Every structure is written in C-alpha cells, then in structure tokens.
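Residue-level listing of the chains:
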Amino acid sequence: MDLSPFKEIIDSLQARQAILWQNPKKSNKYQIDSNLIDDSEARMNRFAPYFQKAFPQTKLHSGRIESQLQHIPHMQQKLGVMGKLFLKRDDALPISGSIKARGGIHEVLYAAEKIALEHQLITKDTDYTIFTTEPIQELLSNYTIVVGSTGNLGLSIGIMSATLGFKVHVHMSHDAKEWKKQLLRKIGAKVIEHSGDFSLAVDNGRREALADPNSYFIDDENSKQLFAGYAVAGRRLKQQLEAEDITIDADHPLYVYIPCGVGGGPGGVTYGLKESFGENVHCYFAEPIESPCMLLGMATGYHDHIAVKDIGLTNRTIADGLAVGRPSSFVGKQMEPLLDGIMTISDEQLSSFVRELYETEQIIVEPSATAGFIGFKQLPKAVRHENATHIVWATGGSMVPKEEQKKYILGI
Ligand SMILES: *Cc1c(COP(=O)(O)O)cnc(C)c1O
C-alpha cells in the first residue's frame, strides 16, 4: 500500500490535530436510488400500526420511529452561529434512544416480514398488528438474529428482535458498556463478549451466522437494508423543515453535521438528504481524532483496506459508537460524490460540548452525539451565512443511565 501521495493528510491525522478534510471527489453528478428509499419507507408504514400497539411511545409520531427537530437558540448564540441552528434529537428516538433505531430496527422488520411472507402468514396488505400475536411470534422464534456491535446497534436490534419473538445474539466489542450488556441480557438476548474491537465483533457474528441456516446476520459494515432504513430520514426531515416554514434552496442552504462510526448511519442519512435537497444540502461527518476511519478510507481511496491502527492511532475514545477503526467500503464509495467533508474532534472537545449543551439548553446527550458541533469551528463561512439552516445530528443519549449522564455533565 503506497501512502506517500497522502503524506500531508496522514501527517496531520498522526499529529492528532482537529482537522477538516474537504472531499475532492464531491460532484453534482450522482444518482440516488429512490426505489430503495421508497421500499423501506413503505415497510415502515406497514409496521406503523404494529408499533403503536407494541411500543405506545411511538403514538406521538403515529407509529413512526422519528425524533424532534429542536431549535437551540441559546447554544446557537454561545457558538456565534448566524442563520438558524437545530438539534436533530435522535438521542431521544423511541425504543432504543440512538440513531441506530432507524437502520437497525428497519433491518429487523425486513427480516421478520420476509419470513412471515415466505410462510404465508401475511400479505403486504395484512394489518401488521398481527406481529404481536402467537403464530408469528412462534414462527420467528425458530430464527436467530445475529449482530456485532459496540453497543447501540446491539440495543436497537436486541430490543426489536426480542419483541418480535426472534432469538438474538449480540457480539460485543471490548469497549461496550456494562449497562448495555445487562439490559440486553434482561430482555433475553445472548451477549457474547470479545476482547477485540468492533471489526472483530462483527467478524465473529458473521462467522456464527454462516454456520446456521436459520440465522440472519445484520452486517453493520455492508448492509443495504440498514442503509435504506437510515435514508428515510431525508424525506421526513424535509417535512419537518416545511412544518417550520423553512425554505431550503440555493440562497438558503442547509448544513448538516453527523457523527460517523463505521458509516452506515451518517451515510444513509446523507443519501436520503441528497435525495430530498440535492445541491442545496451540505453534509459533513465528524469522527474522533483517534478513530478517523472514514476520513482515512475516503482520503486514500483504500476504504476498508486501511485501518486507523495502520497509521499508529489507538481507536480509543470516550465516544461510544464512534470507536471504529475500519470503515464500511460500501458506504465510503457511496459517499464519494455526495459528501462535502469530514472533520475530526478530540475527546476533550466532545466533553465540553456535552457540558455547553446542558448549560445552554438543559439537553443531555452522550459525548458522540455532540461531534457535529465541531463544524462551527471548522467552517467560518457557513457560520456567518445569514440565510443558512444548520442541523447538528444528536445521535444518542436518552437510554444512558442517569448516573452515567451525571458523569458526562460533571466531566468525570
Ligand atoms: C453508531 C453511532 C453513530 C455512528 O453511526 P455509524 O453507522 O456507526 O457510522 C453515531 N453516534 C452514536 C451515538 C452511535 O451509536
């Protein structure tokens, strides 16, 4: 592998600076597969009556797993941002309290529906509250959903799978939090602990699933159904902005800042945003200084052939969900014409954004969820744009136990 053409960017990553990488391959020539998004959106709509019954907290959004778009004027003032700043509250998504509730849950629904259709227990016109009943639960209990995760994907998939009647095995990386493992065990999931990182947990899950024909592996590194579940967010955000009377056009651009781990969440959301807003949306990812896997993969073009450890970074960070050393190549390639850039952020800066958000808006999120705020330090022109709308995507936090949340705020 010849890294010499990328010496400058690799030097600055190794120096552990907070940097902005502008994507040179961004282009206005790209294609979005709207059928893929139509398909997942329609599936979520078919399951909406089920959710209202099985998870009454989804009634607020008519059985959709959706979050609020919240204006945060005090934080905006503190950061000195012009235009209008919103926080997308995926930290408070129903069922599992993180962005994983979009893609992860969608893929479990995809598997459940496919199996029920194959066994002719439903058609696509059936009232899907039937998924709460004995015959389907019994059928699904013959199948095992398998996933590898640093924690939040495991929670989303574990809760959803167990509720539908599936058996579920979650392969966890060494950095997964104890409370997440306990919660999963409590709902009946089997937790398999590994001493290695995220990629190793995924590898082990993949291997286990291959050996059992009645198992279904949810592949955070390659899955189209995960990606498609995240992408539905674009259309819904468009409706939310319209409801706020906010126009997005060439003179009123939209800037979106999203934390990135392996890439599926931010990549899928970006894909959906490009479908809805085209050239008028500018998407940026944010990654920890020790885990800039997507930046490294996209900047060198080596995608999943290179890992952060190859350039001497530790892949250790307080940002749960972002401690990923090797990116999804599927997502990295999709992002080449779409993404504006990627920024890196230190753990100290994540913690101070957590405290500032609490002090200004009384909102508590997990450290990962604040990574997008780094955009305002890196993009001075966007900050001064009077007609811009900015959205920082808060990706997790509401399921974190109160004791842990307190530690974030106190900075310990
Ligand atoms: C998983 C996760 C992300 C990033 O999603 P990827 O699909 O891994 O890129 C961001 N924030 C939180 C809190 C997460 O759990």
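Up top is the structure these notes are about.
Rules used in this analysis
- Residues numbered from 1 in each chain as written.
- Predicted model: local features only at pLDDT ≥ 70, side-chain atom pairs only at ≥ 80, totals over all residues.
- Heavy atoms only, no water.
- Pairing = 2+ DSSP bridges.
- Helix = DSSP H or I, 4+ residues; strand = E, 2+ residues; numbered from the N terminus.
- Axes fitted to C-alpha atoms, helices over the stretch in contact; angles between N-to-C directions.
- Contact = heavy atoms within 4.5 Å.
- Phe/Tyr/Trp six-rings, centres within 6.5 Å; stacked < 30°, edge-to-face > 60°.
- Buried < 20%, exposed > 50% of the residue type's maximum accessible area, 1.4 Å probe, protein only.

A. Up close: the sheet that holds strand β7 (residues 215-218). Spatial ordering of the open sheet is given by β6-β5-β4-β7, a layout of 4 strands whose pairing is parallel. This sheet does not close on itself; its edge strands, each paired only once, are β6 (190-193) and β7. Within this sheet the neighbouring strands show an average axis-to-axis angle of 20°, counted without direction. Strand direction decides the pairing type here: strand β4 (residues 144-149) and strand β5 (residues 167-172), joined by 6 bridges, are parallel. The residue of β5 that forms the bridge with Gly148 is His171. On the sheet, helix α4 (residues 100-118) packs against β4 and β7 and is oriented at approximately 155° with respect to β7.

B. Looking closely at the packing of aromatic side chains. Using the criterion set out here, one finds 14 aromatic pairs in the structure. Between Phe47 and Tyr128, the aromatic rings sit 4.7 Å apart at their centres with planes inclined by 75°, giving edge-to-face as the arrangement. Residue Phe47 is located in helix α2 (residues 34-54), and its partner Tyr128 is located in the loop between α4 and α5 (134-140); the two are separated by 81 residues in the primary sequence. The same class applies to Phe47 and to Tyr128, which are both buried. Residues Tyr257 and Tyr284 carry aromatic rings whose centres are separated by 6.2 Å and whose planes lie at 15° to one another, so their mutual orientation is stacked. Within this pair, whereas Tyr257 is found in strand β8 (residues 254-259), its partner Tyr284 is found in strand β9 (residues 281-288), the two being separated by 27 residues in sequence. Tyr257 gets classed as buried once you look at its relative accessible area, which sits at 1%. An aromatic cluster of three or more residues is present, and its members are Phe47, Tyr50, Phe51, Phe55, Tyr128 and Phe131.

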